[in-house]
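Read off the chains here:
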Amino acid sequence: MKLAGAVCVLAGAVWGWRCQALERRRKRDTLADLIRLLGRMGEEIRLRRTSLPRLLHQLAADRGPACRSFCEAAAGAMDRGEPLESGWRLAAEALPLAAEDRSALLALGESLHGDEEHICKAIELARGLLAESLEETRSRRAETERRAAALWLSAGALVVITLI
Amino acid sequence: MENQEAVRRYEEAARFLPARLRASALALSEADRAAAEEFRLRTGQPLAVLLPEGEREIGPAVTPADLETLCDLATDYSRYAAAETLRCGYLAVRGGFRVGLCGTAVMKEGVCTSLRDVSSAAVRIAREKRGIGEAVVPRLFREGRFQNTLLLSPPGGGKTTLLRDLVRYLSAGGDDREGLRVSLIDERGEAAVMVRGVPQMDVGPRTDVLDACPKALGIPMALRAMNPQVIAVDEITAEADLAAAVQAAGCGVGLLATVHASDVEEMARRPLYRRLLAEGVFRLAVQIRRAETGERTYQVEELP
């Protein structure tokens, strides 16, 4: 009975660790997708001057679920005639991102009023910040995973010991 | 019917106002909506509408954020796509409307490259007056050939509206005449109102529009590229425009142009237009007269 209980607690710890790992992975994938999205946005604005709502609708098609929702929500707000910043902010807040990554994206939303040069610079700046953040996350990934695994397993073991 | 159309155009133009101002604009009486010519927005001042009798305040005070939203709505959130006209102080908007802007000019090497911190806007409610040129067009031909024609009126007299309708008729043709290839040099973007390559006003099936291009450059470009039978331009105002028009006339192309003058006598008093008359390029003039009822009449006369 005790053994079964211990196995259940440890399985719960592994499940918790796995969920967290998946969430971290989702954040990394979203960040990478967002960087690609901003790259395409900059190119399309510079080369084709496609209007922003149309561009976001177009780009949504090739994105992962989180970025697709972001593009569609931001474009939808513009289709409804809402102010650009508020639509962009609401869409950005729904993205699974770290606080500093989200604030870089929000700052971009405030710079989308300008001319081509201004917007492209703002996009490049936001893209650069997000790319740095992704690079840092990737370089810390092995260590983060090790720590998280150790934490969850230790917590599970502690619960087992306490219960026994 | 015409009244309903005028109201519909007013409501279409109001769509470019931010939501809180739009509600005030749509609360105006139907008669005023039909007569309104412009929305005027100035930071710190109430939203106003321009009626034939003058400006009337109709809404709450306009904020800088309202003007930003207006620009966003007018450009489909893409000011970068409207850079060419924005630097000239206006936006051509879907539906044929035009938004004039004032703000802080962004200067680079002595040239205005854009406007920022927009402080005032005038949303012009463009209304096509289809059919006003119908009775005029047959009088612009002699022995089946289109004669070079000037359209005369003081500012706000309806020259551009008549020019657009004449271009449409010339381009479409009629029962007893073929449609002509017309090149419309629309420097100020008011005649065809191009939005991303699509004319927002009906300028006829055989009309090629050269948008936002100075007339002096546009006339030779159209001559070389489009093989026009008629070149139409809005407002000859400079010596260079005149020289280009003379060149086009020398190539056997018909010309249709507007000038700021109430009649031929006034034209003859201005040095530039005196030269235009002396060149003998234009054969006919259409004078636009406005009756006290507001109705316009069009009088065609031979030029000396």
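About the thresholds
- Residues numbered from 1 in each chain as written.
- Chains lettered and ligands numbered in written order.
- Predicted model: local features only at pLDDT ≥ 70, side-chain atom pairs only at ≥ 80, totals over all residues.
- Heavy atoms only, no water.
- Helix = DSSP H or I, 4+ residues; strand = E, 2+ residues; numbered from the N terminus.
- Rg over C-alpha atoms; globule rule 2.2 N^0.38 Å.
- Buried < 20%, exposed > 50% of the residue type's maximum accessible area, 1.4 Å probe, protein only.
- Areas by Shrake-Rupley, 256 points an atom, 1.4 Å probe, with all protein chains shown as cover.
- Pairing = 2+ DSSP bridges.
- Contact = heavy atoms within 4.5 Å.
- Buried area = accessible area lost by both parts, 1.4 Å probe.
- Salt bridge = Lys/Arg side-chain N within 4 Å of Asp/Glu carboxyl O.
- Polar contact = N/O pair within 3.5 Å; in protein donor to acceptor, adjacent residues only side chain to side chain.
- Nonpolar A, V, L, I, M, F, W, Y, C, P; charged D, E, K, R; others polar.
- Core = buried A, V, L, I, M, F, W, Y, C linked by side-chain atoms within 4.5 Å.
- Arc of directions from axis to C-beta.
- Patch = residues over 30% accessible without salt bridge, like charges linked within 9 Å, V, L, I, M, F, W, Y side chains within 5 Å.
- Lys, Arg positive; Asp, Glu negative; His and termini not counted.
- Charge placed at Lys NZ, Arg CZ, Asp CG, Glu CD.
- Axes fitted to C-alpha atoms, helices over the stretch in contact; angles between N-to-C directions.
- Phe/Tyr/Trp six-rings, centres within 6.5 Å; stacked < 30°, edge-to-face > 60°.
- Lys NZ or Arg CZ within 6 Å of the ring centre and 35° of its normal.
- Parallel < 35°, antiparallel > 145°, perpendicular 65-115°, else oblique.
- Left-handed = near helix turned anticlockwise from the far one by under 90°.
- Domains from an automatic or database assignment.

K.L.:
Looking at this structure, how should I read the overall build of chain A?
P.N.:
Broken down by element type, chain A carries 7 helices and 0 strands. Start at the N end of chain A and walk to the C end: the helices and strands fall as α-α-α-α-α-α-α. Taken against the 2.2 N^0.38 rule, which gives 15 Å for 164 residues, the C-alpha radius of gyration of chain A at 21 Å runs more than 25% over that of a compact globule. With the principal axes as the frame, chain A shows a C-alpha extent of 70 × 30 × 25 Å. Taking all 164 residues of chain A together, 41% fall into the buried category. Working note: accessible area of chain A is about 9,300 Å², and carbon and sulfur atoms make up 59% of it.

K.L.:
Before we go on, may I ask you to explain the pairing of strand β16 (residues 284–290) of chain B in this structure?
P.N.:
Here is the key point about a regular strand: its side chains alternate between the two faces of the sheet. Residue and element names in this part refer to chain B. In terms of burial, β16 is a largely internal element, 5 of the 7 residues being buried. Here 4 bridges tie strand β9 (residues 149–153) to β16, and the two strands are oriented parallel to one another. Each residue of the ladder has a partner; that of L152, found in β16, is Q287. Bridging between β16 and strand β17 (residues 296–302) involves 7 bridges; their strand directions are antiparallel. By the bridge assignment for β17, R289 is matched with T297.

K.L.:
Explanation requested: the environment of R80(A) in the structure shown.
P.N.:
All names here are of chain A. Turning to its location among the elements, R80 is positioned in the loop between α3 (65–79) and α4 (84–93). On the basis of relative accessible area, R80 is assigned to the exposed category, the value being 57%. On a C-alpha basis, the gap between R80 and S51 in space is 15 Å, while along the polypeptide they are 29 residues apart.

K.L.:
Can you walk me through the interface of chain A and chain B in this structure?
P.N.:
Accessible area lost during the coming together of the parts is what is often quoted as the interface size. Facing 19 residues of chain A, the contacting portion of chain B comprises 14 residues. For the pairing of chain A and chain B, the buried interface totals around 1,300 Å² over both sides, and the portion due to carbon and sulfur atoms is 51%. As a salt-bridge pair, R49(A) and E84(B) come within 3.1 Å of each other at their nearest N and O atoms. For the pair chain A and chain B, the interface holds 9 residue pairs in polar contact (both at pLDDT 80 or more). Along the lines of polarity and charge, the residues of the side of chain A that touches chain B split into 8 nonpolar, 5 polar and 6 charged.

K.L.:
I'm lost on the nonpolar core in this one. Help?
P.N.:
For soluble globular proteins, nonpolar side chains are generally found buried alongside one another. Of all hydrophobic cores here, the largest spans 71 residues; its most connected members are M41(A), L52(A), F70(A), F39(B) and L41(B). Sorting elements by how many residues they give to this core places helix α1 (residues 2–47) of chain A first, with 8 residues. The residues touching F70(A), leaving out its near neighbours within four places in the chain, are L34(A), L37(A), W88(A), A91(A), A92(A), L95(A) and L105(A). One finds A222(B), L223(B), L255(B) and A257(B) within the second-largest nonpolar core, a separate group that totals 28 residues.

K.L.:
Whenever I open this one, helix α2 (residues 19–26) of chain B confuses me. Can you help?
P.N.:
Because an α-helix completes one turn every 3.6 residues, residues spaced three or four positions apart along the sequence face the same direction. All names here are of chain B. Among the residues of α2, those classed as buried are L21, S24 and A25. Buried residues in α2, looked at end-on, bunch into an arc of 100°, giving them a common side. Set apart from the buried face of α2 by more than 90 degrees, the exposed residues are A19 and A23.

K.L.:
Would you explain a positive patch on the surface in this entry?
P.N.:
Together, R54(A), R15(B), R94(B) and R196(B) make up a positively charged patch on the protein surface. Note on placement: R15(B) falls in the loop between α1 (2–14) and α2.

K.L.:
Looking at this structure, I do not really get the sheet that holds strand β4 (residues 90–93) of chain B. What am I missing?
P.N.:
Hydrogen bonds between backbone atoms are what pair the strands of a sheet, whose relative direction is either parallel or antiparallel. All names here are of chain B. The strand order across the open sheet formed by 6 strands is β3-β2-β1-β6-β5-β4, and the pairing between neighbours is antiparallel. Each edge of the open sheet is held by one strand with a lone partner, namely β3 (54–61) and β4. Neighbouring strand axes in the sheet, compared pairwise and without regard to direction, differ in orientation by 35° on average. In the packing of α2 onto the sheet, the strands contacted are β1 (38–42), β2 (46–51) and β3, and the crossing angle to β3 comes to about 135°.

K.L.:
Which parts of the structure should I look at to understand the packing of aromatic side chains?
P.N.:
The relation between two aromatic rings is expressed through the spacing of the ring centres and the mutual angle of the planes. Under the counting rule described, the total for this entry stands at 4 aromatic pairs over all chains. Consider the rings of F70(A) and W88(A), whose centres lie 5.0 Å apart with planes at 80°: the pair is edge-to-face. Of this pair, F70(A) sits in helix α3 while W88(A) is found in helix α4, placing the two residues 18 residues apart along the sequence. With respect to class, F70(A) is no different from W88(A); both count as buried. Seen from the ring of Y90(B), R98(B) lies directly overhead, with NZ or CZ sitting 3.9 Å from the centre.

K.L.:
I tried to follow the sheet that holds β16(B) on my own but got confused; where do I start?
P.N.:
Residues and elements named next belong to chain B. The mixed open sheet is built from 7 strands, whose spatial order is β13-β10-β14-β15-β9-β16-β17. Either end of the sheet is taken by a strand with one partner, and the two such strands are β13 (207–211) and β17. Neighbour-to-neighbour, the strand axes of this sheet turn through a mean angle of 20°, independent of strand direction. Across the face of the sheet, helix α7 (residues 215–226) comes into contact with β10 (182–186), β13 and β14 (230–233) while running at roughly 155° to β10.

K.L.:
What exactly am I supposed to notice about the packing of α1(A) against helix α2 (residues 52–60) of chain A here?
P.N.:
Helix-helix packing is characterised by the crossing angle of the two axes and by the distance between the axes. All names here are of chain A. Running from N to C, α1 and α2 cross one another at 135°; their axes reach a closest spacing of 11 Å. Between α1 and α2, the interaxial angle falls into the category oblique. The two elements α1 and α2 cross, and the hand of that crossing is right-handed. Where α1 approaches α2, its residues L37, R40, M41, E44 and I45 are matched on the opposing element by L52, L55, L56, Q58 and L59. Residue composition of the contact of α1 with α2, by class: 7 nonpolar, 1 polar and 2 charged.

K.L.:
Please clarify how the domain arrangement of chain B should be interpreted in this entry.
P.N.:
Residues and elements named next belong to chain B. Each assigned domain of chain B is listed here: domain 1 (2–124) and domain 2 (137–302). Averaged C-alpha coordinates put domain 1 and domain 2 at centres separated by 28 Å. If you look at the interface, domain 1 gives 14 residues, while domain 2 gives 10 residues. Interface of domain 1 and domain 2: buried area, both sides summed, is about 820 Å²; carbon and sulfur atoms make up 46% of it.

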